[in-house]
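Given next are the chains, with one letter for each unit.
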Amino acid sequence: MSKILQFPKDFLWGAATAAHQIEGNNRNNWTEWEKENAERLSKESGGKYPPENYISGRACDHYNRYEEDFDLAKEMGHNAHRFSIEWSRIEPEEGKFNEKEIEHYRNVIRALRARGIEPFVTLWHWTMPVWFTEKDGFEKRENIKYFIRFCEYVASEFKDEVKFWIILNEPEIYASNSYFKDMWPPQKKSFILYLSVWQNLIESYCAVYKIIKKVQPNAQIGIAKNNIYFESYLNKFVNVWLKKFMDWWWNFYFLNQTKNYQDFIGLNHYFHNRINNFKFGQNENQKISDMGWELYPEAIYCVLKDLKKYNKPIYITENGLADAQDKNRKWFIEESLNNIHKAISENVDVRSYFHWSLMDNFEWDKGFWPRFGLIEVDYKTLERKRRPSSHIYEKIAKSNTIEIK
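Here the structure is a predicted model, which is why all the values come from computation and not from measurement.

Caption draft 1: Here's a closer look at the pairing of strand E5 (residues 164-169). Most of E5 sits out of view: six of its six residues are buried. Looking at chain direction, strand E4 (residues 118-122) and E5 are connected through three bridges and run parallel. Paired with Thr122 across the bridge in E5 is Ile166. Relative to strand E6 (residues 220-226), E5 is paired through four bridges, and the arrangement is parallel.

Caption draft 2: Local environment of the packing of helix H7 (residues 144-158) against helix H9 (residues 191-215). Running from N to C, H7 and H9 cross one another at 30°; their axes reach a closest spacing of 9 Å. Relative to H9, the element H7 lies roughly parallel. The way H7 lies across H9 gives a crossing that is right-handed. Residues Ile144, Phe147, Ile148, Cys151, Glu152, Ala155 and Ser156 of H7 lie in contact with H9, whose contacting residues are Asn200, Glu203, Ser204, Ala207, Val208, Ile211, Ile212 and Val215. Here the contact of H7 with H9 is composed, by residue class, of 10 nonpolar, three polar and two charged.

Caption draft 3: Fine view of helix H13 (residues 388-399). Here H13 is 12 residues long and its end C-alpha atoms lie 18 Å apart, about the 16 Å a rise of 1.5 Å per residue gives. Inspection of H13 places Ser389, Ser390, Tyr393, Glu394, Ile396 and Ala397 among the buried residues, and these make up the whole buried set. Along the long axis of H13, the arc covered by the buried residues comes to 165°, so they all point the same way. In this structure, H13 carries Pro388, Lys395 and Lys398 as exposed residues pointing more than 90 degrees from its buried face. On its buried face, H13 is in contact with strand E2 (12-16), helix H3 (62-75), helix H12 (329-345), strand E11 (350-356), strand E13 (384-386) and strand E14 (401-404). Residue Asn400 follows H13 closely and has a positive phi angle near 60°.

Caption draft 4: Here's a closer look at the environment of Ser176. Tracing the sequence through the fold places Ser176 in helix H8 (residues 171-180). With a relative accessible area of 5%, Ser176 lands in the buried category. The spatial distance from the C-alpha of Ser176 to the C-alpha of Trp198 is 8.8 Å, given a sequence separation of 22 residues. When residues no more than four places from it in sequence are discounted, the contact partners of Ser176 are Lys181, Tyr194 and Trp250.

Caption draft 5: Inspection of the nonpolar core at higher detail. Residues Phe147, Trp165, Leu304 and Ile340 are the most contacted members of the largest nonpolar core, which totals 118 residues. Setting aside chain neighbours within four positions, we find Ile340 in contact with Phe7, Ile300, Leu304, Ile316, Val350 and Tyr353. Listed in part, the 16 residues of the second largest apolar core include Phe120, Met291, Ala322 and Trp356.

Caption draft 6: The arrangement of the sheet that holds E4 in detail. Around the barrel, which closes on itself, the eight strands sit in the order E2-E3-E4-E5-E6-E8-E10-E11 with parallel pairing between neighbours. Strand-to-strand, the axes of this sheet are offset by a mean angle of 25°, without reference to chain direction. Across the sheet, H12 is in contact with E2, strand E10 (314-318) and E11; its angle to E11 comes to roughly 165°.

Caption draft 7: The packing of aromatic side chains, seen in detail. On inspection of all chains with the given rule, the structure shows 55 aromatic pairs. Here the aromatic rings of Trp30 and Trp184 are separated by 5.5 Å at their centres, their planes lie at 70°, and the arrangement is edge-to-face. A residue pair is termed long-range when its members are at least 10 positions apart, and Trp30 in helix H2 (residues 29-44) and Trp184 in the loop between H8 and H9 qualify at 154 residues. No difference in accessibility class separates Trp30 from Trp184, as the two residues are buried. Summarising the aromatic geometry, the rings of Tyr49 and Trp369 are spaced 5.3 Å apart at their centres and angled 5° between planes, so their arrangement reads as stacked. Within this pair, whereas Tyr49 is found in the loop between H2 and H3, its partner Trp369 is found in the loop between E11 and strand E12 (375-377), the two being separated by 320 residues in sequence. Using a relative accessible area of 17% as the deciding quantity, one classes Tyr49 as buried.

Caption draft 8: The arrangement of the side chain of Glu34 in detail. Position of Glu34 relative to the elements: it lies in helix H2. With no salt bridge to any partner, buried Glu34 finds its closest opposite charge in Lys35, at an N-O distance of 7.5 Å. What Glu34 contacts, discounting residues up to four positions off in sequence, is His20, Tyr54, Ile55, Ser56 and Phe362.

Caption draft 9: Geometry of the pairing of strand E9 (residues 272-275). Of the two faces of E9, the one holding His272 and Arg274 and the one holding Asn273 and Ile275 are both buried throughout. Across four bridges, strand E7 (residues 229-232) lies against E9 in parallel orientation. The residue bridging Tyr229 from the neighbouring strand is His272, located in E9.

Caption draft 10: Broad picture of the environment of Met291. Looking at the secondary structure, you find Met291 in the loop between E9 and helix H11 (298-307). Here the alpha-carbon distance between Met291 and Ile275, two residues 16 residues apart in the chain, equals 21 Å. Leave out the neighbours within four places in its chain, and Met291 touches Ala322, Glu363, Lys366, Trp369, Pro370 and Phe372.

Caption draft 11: Structural view of a nonpolar patch on the surface. A contiguous nonpolar patch, built from Phe237, Trp241, Phe245 and Trp248 and spanning about 520 Å² of accessible area, is present on the exposed surface. As for its position among the elements, Trp248 is in helix H10 (residues 237-258).

Conventions and cut-offs
Residues numbered from 1 in each chain as written. Predicted model: local features only at pLDDT ≥ 70, side-chain atom pairs only at ≥ 80, totals over all residues. Heavy atoms only, no water. Buried < 20%, exposed > 50% of the residue type's maximum accessible area, 1.4 Å probe, protein only. Helix = DSSP H or I, 4+ residues; strand = E, 2+ residues; numbered from the N terminus. Pairing = 2+ DSSP bridges. Axes fitted to C-alpha atoms, helices over the stretch in contact; angles between N-to-C directions. Parallel < 35°, antiparallel > 145°, perpendicular 65-115°, else oblique. Left-handed = near helix turned anticlockwise from the far one by under 90°. Contact = heavy atoms within 4.5 Å. Nonpolar A, V, L, I, M, F, W, Y, C, P; charged D, E, K, R; others polar. Expected span 1.5 Å × (residues − 1). Arc of directions from axis to C-beta. Core = buried A, V, L, I, M, F, W, Y, C linked by side-chain atoms within 4.5 Å. Phe/Tyr/Trp six-rings, centres within 6.5 Å; stacked < 30°, edge-to-face > 60°. Lys, Arg positive; Asp, Glu negative; His and termini not counted. Salt bridge = Lys/Arg side-chain N within 4 Å of Asp/Glu carboxyl O. Patch = residues over 30% accessible without salt bridge, like charges linked within 9 Å, V, L, I, M, F, W, Y side chains within 5 Å. Areas by Shrake-Rupley, 256 points an atom, 1.4 Å probe, with all protein chains shown as cover.

See below:
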């Protein structure tokens, strides 16, 4: 027997994107890194993917095709959309702001509004102007002022057109992959730099929050924070202790430091991590994505319950999977939403669900092969085609309900 679960009135349904991953033809620290590392990444794939897989190039050409993409979002019943503004477009040279690019993003925002779609604007989704990284980027506290200046400029330009601002996307992922794991630019493996960048991003966040509130007092401002469900297997003492430590450091440290500067918490959620006998990642992996990530929809309920203590509205700003054949996406969306609804029924104030991603895109150091989109993109012709799972999500978004069988 099936059951209909109703979501709260005014719940926001949408999808998320990031400028570098879909716009195409950027010049920033990532495009420079791609050129230097494409051959190496191709070799490391065992030749499975050619070097051009790792060069973002024209990506999905969303920069020129955003109207077409937003038409599809509207068709799918989306009433909100999360996207990022590319800093390197707005300020390609230090202190020189590009009016043409400001007008471009103004048109993007207005295109969303014309379709009845609420824009959620991310100010930093990992990429940076080359000139900023040549000054060592967020490694140096004295460089924070440049990021603040950029954010103030953008907020001033769009204060009458944007209500929701996300200052940073997953600062913990950036700091970890760039300075702790040596995977992403600038590939400086240093625990000291890792901690410095982490702290400077916290300071940047708080400073920008205050600046936007001065420019636009009624703005709703938050972060897109990647939280993981750490599970202490069988509640063994060592597993419990490690879970508490990882929750403190990975899930809560940034939020605790910025709790007075959050109108809402944006949750990005992808991972469950079972801890057993000093070992992490001891998951059952009954279902996995094309990236090898475990698909464990129950985890989103656990991380939402953990965030209840902050007493803030929660917007789910990313949740999704790489699934080129679309074999698990329908199931994953429905099960994730079932678990989100369970958290809502236990008084967790969840107000949105943004699926990652609206369309297939350039997945950072993995390149083009992972397919996260509700919309499939043919990278040769740039044709867009809705995946079957997008029709299920459309039904959910338009009815504001989910049917559980």
